[in-house]
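Spelled out from the first residue to the last, the chains are:
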Amino acid sequence: MKKYTNTGSKDTRSGFGAGLTELGQKNENVVALCADLIGSLKMDDFKKNHPERFFQVGIAEANMIGLAAGMTIGGKIPFTGTFANFSTGRVYDQIRQSVAYSEKNVKICASHAGLTLGEDGATHQILEDIGLMKMLPNMTVINTCDYNQTKAATLAIADYDGPVYLRFGRPVVPNFMPADEKFVIGKAILLNEGTDVTIVATGHLVWEALIAAEELEAKGISAEVINIHTIKPLDEEAILKSVAKTGCIVTAEEHNFLGGLGESVSRVLALNNPLPQEFVAVQDTFGESGTPEQLMEKYGLNAAAIVEKAQVVIKRKK
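Conventions used here
- Residues numbered from 1 in each chain as written.
- Predicted model: local features only at pLDDT ≥ 70, side-chain atom pairs only at ≥ 80, totals over all residues.
- Heavy atoms only, no water.
- UniProt positions renumbered as here; feature names shortened; annotations may be inferred.
- Axes fitted to C-alpha atoms, helices over the stretch in contact; angles between N-to-C directions.
- Helix = DSSP H or I, 4+ residues; strand = E, 2+ residues; numbered from the N terminus.
- Parallel < 35°, antiparallel > 145°, perpendicular 65-115°, else oblique.
- Contact = heavy atoms within 4.5 Å.
- Nonpolar A, V, L, I, M, F, W, Y, C, P; charged D, E, K, R; others polar.
- Pairing = 2+ DSSP bridges.
- Disulfide = S-S within 2.5 Å.
- Buried < 20%, exposed > 50% of the residue type's maximum accessible area, 1.4 Å probe, protein only.
- 1 Å grid on protein atoms, 1.4 Å probe; cavity = no way out; pocket = protein on both sides within 12 Å on 5 of 7 lines; lining within 4 Å.
- Points joined across faces, edges and corners; volume = space filled by probe spheres on them.
- Domains from an automatic or database assignment.
- Buried area = accessible area lost by both parts, 1.4 Å probe.
- Polar contact = N/O pair within 3.5 Å; in protein donor to acceptor, adjacent residues only side chain to side chain.

In the nomenclature of an unreviewed UniProt entry, the protein chain corresponds to Transketolase from the organism Myroides marinus. Its UniProt record gives the protein chain the following Cofactor (unreviewed entry) comment, quoted word for word: "thiamine diphosphate".

Here it is in structure tokens:
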């Protein structure tokens, strides 16, 4: 398999900004709405180049979702931008009624997701958003791993007809996915072939999974690594094909273990091929203030935790 390397660390939110800028040039139906966080969401270039298609809503996220839903009726493709906490928890009723239930073509783009929001603390570090959004009928849920993949996903969802939740982050992280790789919604990416354990990871944990695979290899353990960028629809075929070979699985995500990727995978296994599974995720708690590195270490969201869980799950195999 191809060995993935960090070509230069970047923040995923800048990938969103770059993708939105490109869409502004390519698709005149794309409009952007922001809840007073233009710089944080990297929407500056779109606003500068297309002021007639940019709408500063202010700190009124519910109104932003309502406006976006209405714009779709005239054929526009609205991209809303604010922090993940305010993109989901604060406006859940509006999303449920005006976007998901009504099947409106709104792209809900959420930055600063998970613990790696960092020093702003628990009130801003939403760890429940994947669960909230995947439970909504008609909603597609995407959680990208690096700059390149976030840009590619931003471009791809503009061509997809239907509600989308696009989740990305604040910190600078390794950029390792190919810049020219087309983003296919609902299609997992096999990053590393293995025979002893399957590791499926999403978001910032994908790079950590690759590091873990190298560390496991040094211990004589062959790990298969899969990048699950689309939580819903989930690539069940890729998961089942892998576990049929390895016999066990570790899921890794920057999210509460309740309601996230891990639970979606558990459902697939329970219905098709019950096998041992271990979770690398936040254990039903809120976050706290700290640097992204400190928080990922404290809450066990890193390569070391994946290595540990892989060794545990292998021992559980019959």
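Right, picking up where we left off after that structure.
Looking now at the packing of helix α3 (residues 61-73) against helix α5 (residues 92-100). The interhelical angle for the contact between α3 and α5, taken along N-to-C directions, is 5 degrees, at an axis separation of 10 Å. It follows that α3 is roughly parallel to α5 by the angle criterion. Where α3 abuts α5, its residues A62, I65 and A69 lie against Q94, I95, S98 and V99. Taken together, the residues that form the contact of α3 with α5 break down as 5 nonpolar, 2 polar and no charged.

This part is about the sheet that holds strand β9 (residues 189-192). Note: strands within a sheet are paired through backbone hydrogen bonds, in either parallel or antiparallel orientation. Read from one edge to the other, the open sheet built from 5 strands follows the order β9-β11-β10-β13-β14, with strand pairing classed as mixed. Looking at which strands have only one partner, the edges of the open sheet turn out to be β9 and β14 (277-282). Taking the axes of each pair of neighbouring strands and ignoring which way they run, one obtains an average angle of 25 degrees across the sheet. Here strand β13 (residues 249-256) runs beside β14; their pairing, made up of 5 bridges, is parallel. Note on β14: the bridge partner recorded for T251 is F279. Along the sheet face, helix α8 (residues 205-218) touches β9, β10 (197-201), β11 (223-227), β13 and β14 and points at about 170 degrees away from the line of β11.

What follows is about the state of the cysteines. Enumeration over the complete set of coordinates arrives at 0 disulfides. Cysteine C109 shares no disulfide, and the gap to the nearest cysteine sulfur, in C34, comes to 11 Å. The exposure class of C109 is buried, given its relative accessible area of 0%.

It is worth spelling out the sheet that holds strand β12 (residues 230-232) at this point. Spatial ordering of the open sheet is given by β3-β2-β4-β5-β7-β6-β12, a layout of 7 strands whose pairing is mixed. Two strands lie at the open edges of the sheet, namely β3 (54-56) and β12, each paired on one side alone. Here the average twist between neighbouring strands, direction ignored, is 20 degrees. Pairing of strand β5 (residues 107-111) with strand β7 (residues 164-167), which is carried by 4 bridges, proceeds in the parallel orientation. Paired with A110 across the bridge in β7 is R167.

Turning our attention to the environment of V206. The topology assignment puts V206 in helix α8. Residue classification places V206 among the buried residues on the basis of a relative accessible area of 0%. For the pair formed by V206 and N227, sequence separation is 21 residues and the distance between their alpha carbons is 6.1 Å.

Before going further, it helps to spend a moment on the UniProt feature "domain: Transketolase-like pyrimidine-binding" (unreviewed entry) in the protein chain. Mapped onto this structure's residue numbering, the UniProt feature "domain: Transketolase-like pyrimidine-binding" (unreviewed entry) falls at residues 10-175. Taken end to end, residues 10-175 is 39% helix and 19% strand, and its first and last C-alpha atoms sit 6 Å apart.

Further remarks concern empty space enclosed by the protein. Per the counting criterion, the structure on display carries 1 cavity of 30 Å³ or more. Approximately 60 Å³ is the volume attributed to the largest cavity. For the lining of the largest cavity, the per-class residue count stands at 2 nonpolar, 6 polar and 2 charged. Residues lining the lining of the largest cavity come from more than one domain, with at least three contributed by each of domain 1 (10-173) and domain 2 (189-316).

Time to look at the domain arrangement of the protein chain. When its domains are assigned, the protein chain resolves into domain 1 (10-173) and domain 2 (189-316). The interface is formed by 31 residues belonging to domain 1 together with 32 residues belonging to domain 2. Summed over both sides, the interface between domain 1 and domain 2 buries roughly 2300 Å², with carbon and sulfur atoms accounting for 57% of that surface. At the boundary of domain 1 and domain 2, one finds 22 residue pairs in polar contact (both at pLDDT 80 or more). Of all elements in the fold, only α6 (129-134) and β6 (140-143) reach the threshold of two or more residues within the side of domain 1 that touches domain 2. In terms of residue class, the side of domain 1 that touches domain 2 is made up of 13 nonpolar, 13 polar and 5 charged.

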